[in-house]
Amino acid sequence: MTASAYKDHLGRPIVAVTGMGIITSLGQGLKDNWAALSSGTSGIHVINRFPTEGLSTRIAGTVDFIEIPVPNAVERSYAFARETTIEALADAGISGDFNGPLFLAAPPIEPEWSARFELADRSPAADHPGDAYERFLTALRQRPDPAFHEAALFGAISERLADRFGTRGLPVTLSTACASGVTAIQLGIEAIRQGRTERALTVATDGSLSAEALIRFSLLSALSTQNDPPTKASKPFSKDRDGFVIAEGAATLVLESLESAVARGAKVLGIMKGAGDKADSFHRTRSSPDGGPAIATIRAALADAGMSEDDIGYINAHGTSTPENDKMEYGSMSAVFGEKLVRIPVSSNKSMIGHTLTAAGAVEAVFSLQTMLTGTLPPTINYNNPDPSIVLDVVPNKKREAQVSAVLSNSFGFGGQNASLVMALEPA
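These numbers were taken from a predicted model, which means no experiment stands behind them.

Rules used in this analysis
- Residues numbered from 1 in each chain as written.
- Predicted model: local features only at pLDDT ≥ 70, side-chain atom pairs only at ≥ 80, totals over all residues.
- Heavy atoms only, no water.
- 1 Å grid on protein atoms, 1.4 Å probe; cavity = no way out; pocket = protein on both sides within 12 Å on 5 of 7 lines; lining within 4 Å.
- Points joined across faces, edges and corners; volume = space filled by probe spheres on them.
- Helix = DSSP H or I, 4+ residues; strand = E, 2+ residues; numbered from the N terminus.
- Nonpolar A, V, L, I, M, F, W, Y, C, P; charged D, E, K, R; others polar.
- Axes fitted to C-alpha atoms, helices over the stretch in contact; angles between N-to-C directions.
- Parallel < 35°, antiparallel > 145°, perpendicular 65-115°, else oblique.
- Contact = heavy atoms within 4.5 Å.
- Buried < 20%, exposed > 50% of the residue type's maximum accessible area, 1.4 Å probe, protein only.
- Pairing = 2+ DSSP bridges.

> Can you walk me through empty space enclosed by the protein in this structure?
Remark: the empty space left among the atoms is shown by a probe the size of a water molecule rolled over them. One pass over the full model with this rule turns up 1 cavity of 30 Å³ or more. Quantified by volume, the largest cavity comes out at close to 80 Å³. Asp8, His9, Pro13, Ile14, Val15, Arg193, Ile271, Met272, Lys273, Ala305, Pro427 and Ala428 are the residues that line the largest cavity. No other element matches strand β9 (residues 270-279), which puts 3 residues into the lining of the largest cavity. Among the residues forming the lining of the largest cavity, the class breakdown is 8 nonpolar, 1 polar and 3 charged.

This is the structure in structure tokens:
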């Protein structure tokens with residue numbers, strides 16, 4: 001191949017995906033996840049991790065089959081990230097030190113209430129209510145608690161991953177709400193395009209589901225309260241949708257310059273053609289209802305990829321199942337694709353795995369690549385009562401065999417954090 005064959009339309013190194021790993025409520029590993037997802041299986045179930053009596057929402061897509069030494073969000077998120085990275089590196093044929101940068105999307109970590117209460121119980125009495133912070137520090141000085149300390153450190157997960165897998169440079173930990181997984185991938189793409197590295201490890205993980213998280217999202221009226229049966233609660237683009245189902249998971253993608261991948265004989269699973277991101281300041285949690293920033297995000301991703309709307313054969317929608325977000329996403333896609341949209345299959349993985357929050361963008365990128373690799377479009381399940389104001393081909397309820405060569409994947413998050421990826425099977 002000539003040197004120009006490794007460059008994109010703007011003369012930048014083409015970025016290939018050479019390894020993938022995934023964990024969701026459907027199971028561990030790409031093989032089991034894809035078999036379940038493509039068959040329309042739901043991973044949503046009744047919560048057993050903590051009591052839910054009196055709560056409006058009692059279901060979730062928790063991942064409870066990975067053993068952890070301490071039951072907190074840091075340990076869960078690290079364990080998920082570790083396992084998906086082991087799978088992705090094996091898939092890429094990389095052993096030993098990774099020798100490239102690490103970009104990690106992680107949940108905004110806080111110690112869980114049970115740990116806070118335990119710390120309060122052994123803290124000295126306070127003279128004034130405002131002395132609580134000093135009381136906690138005194139208690140930790142008297143009896144250090146490494147597990148509690150690490151559970152409060154936002155960068156703890158990436159540092160441990162960097163040590164475990166031998167990444168190079170300072171590991172980056174980021175949080176851009178529901179767009180975080182795509183943001184991590186985007187940083188990896190840019191590092192390779194700018195010539196700063198030949199490979200990048202991009203990881204997104206979220207094991208932060210707790211009673212507090214459930215209550216906070218419930219107070220925002222964001223969660224589905226259709227608890228029975230759990231598998232029917234997430235119904236993107238349906239008329240009777242009432243909110244998303246919170247979930248956990250992780251995904252790792254090994255990104256590599258195409259030239260490097262070919263030189264070492266690696267299999268190329270797909271190409272990261274383009275990425276776009278836009279933020280809006282409409283509201284702390286809501287996206288702008290006119291969809292302006294989301295429209296700009298999709299267009300930016302297509303422009304970055306050097307592709308037009310006609311080149312996209314499938315859309316992996318953000319598809320949360322919330323009344324407002326689904327409507328906004330539909331309006332945004334309609335503005336970009338126009339009359340063509342009704343002929344483009346658009347499905348939501350969240351109908352089966354729930355919303356994996358920080359991990360969602362990377363999880364759905366893995367599924368998007370697998371869609372192209374297998375020639376199978378995963379369904380949107382629970383689509384029995386279509387919303388007449390949202391006219392889409394959602395691949396209703398059953399998978400469809402169709403070969404597509406380019407996919408758009410959207411992640412439109414809380415606070416107007418919007419990001420989109422364009423992926424293809426082959427370079428142009």
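Let us keep going from here.
> For this particular structure, what's the right way to read the packing of helix α3 (residues 113-121) against helix α4 (residues 132-142)?
Helices that pack against each other are described as a pair by the angle of their axes relative to one another and the distance between those axes. It is the contact of α3 with α4, at a shortest axis distance of 9 Å, that shows an interaxial angle of 80°. Taken together, the axis directions place α3 and α4 in an arrangement best described as roughly perpendicular. Packed against α3, whose contacting residues are Arg116, Leu119 and Ala120, the element α4 presents Arg135, Phe136, Ala139 and Leu140 at the interface. Looking at the contact of α3 with α4, its residues break down into 5 nonpolar, no polar and 2 charged.

> Help me understand the packing of helix α1 (residues 30-38) against helix α13 (residues 360-374) in this model?
It is at 11 Å that the axes of α1 and α13 come closest, and there the two elements cross at 75°. Between α1 and α13, the angle is such that the two are roughly perpendicular. In contact with Leu30, Asn33, Trp34 and Leu37 of α1, α13 contributes Val366, Phe367, Gln370, Thr371 and Thr374. Partitioning the contact of α1 with α13 into residue classes produces 5 nonpolar, 4 polar and no charged.

> Would you mind showing me how to read the environment of Ala317 here?
Within the secondary structure layout, Ala317 lies in the loop between β10 (314-316) and α11 (323-337). Judged by relative accessible area, Ala317 falls into the buried class, the value being 0%. Spatially, the C-alpha atoms of Ala317 and Glu329 are 8.0 Å apart, while their sequence positions differ by 12 residues. Apart from the residues lying within four places of it in its own chain, the contact partners of Ala317 are Phe237, Glu329, Val346, Ser347, Ser348, Lys350, Glu364 and Asn410.

> Explanation requested: the pairing of strand β1 (residues 15-24) in the structure shown.
Side chains on a regular strand alternate between the two faces of the sheet. Within β1, 10 of the 10 residues are buried, which leaves it mostly tucked inside the rest of the structure. Direction of pairing for β1 relative to strand β8 (residues 249-257): antiparallel, over a ladder of 8 bridges. Within β8, the position partnered with Val17 by the bridge is Leu255. Bridge count for β1 against β9 is 3 bridges, and the pairing is antiparallel. For Val17, the partnering residue across the bridge sits in β9 and is Gly270. In sequence, β1 turns back onto strand β2 (residues 27-28) through a hairpin of 2 residues.

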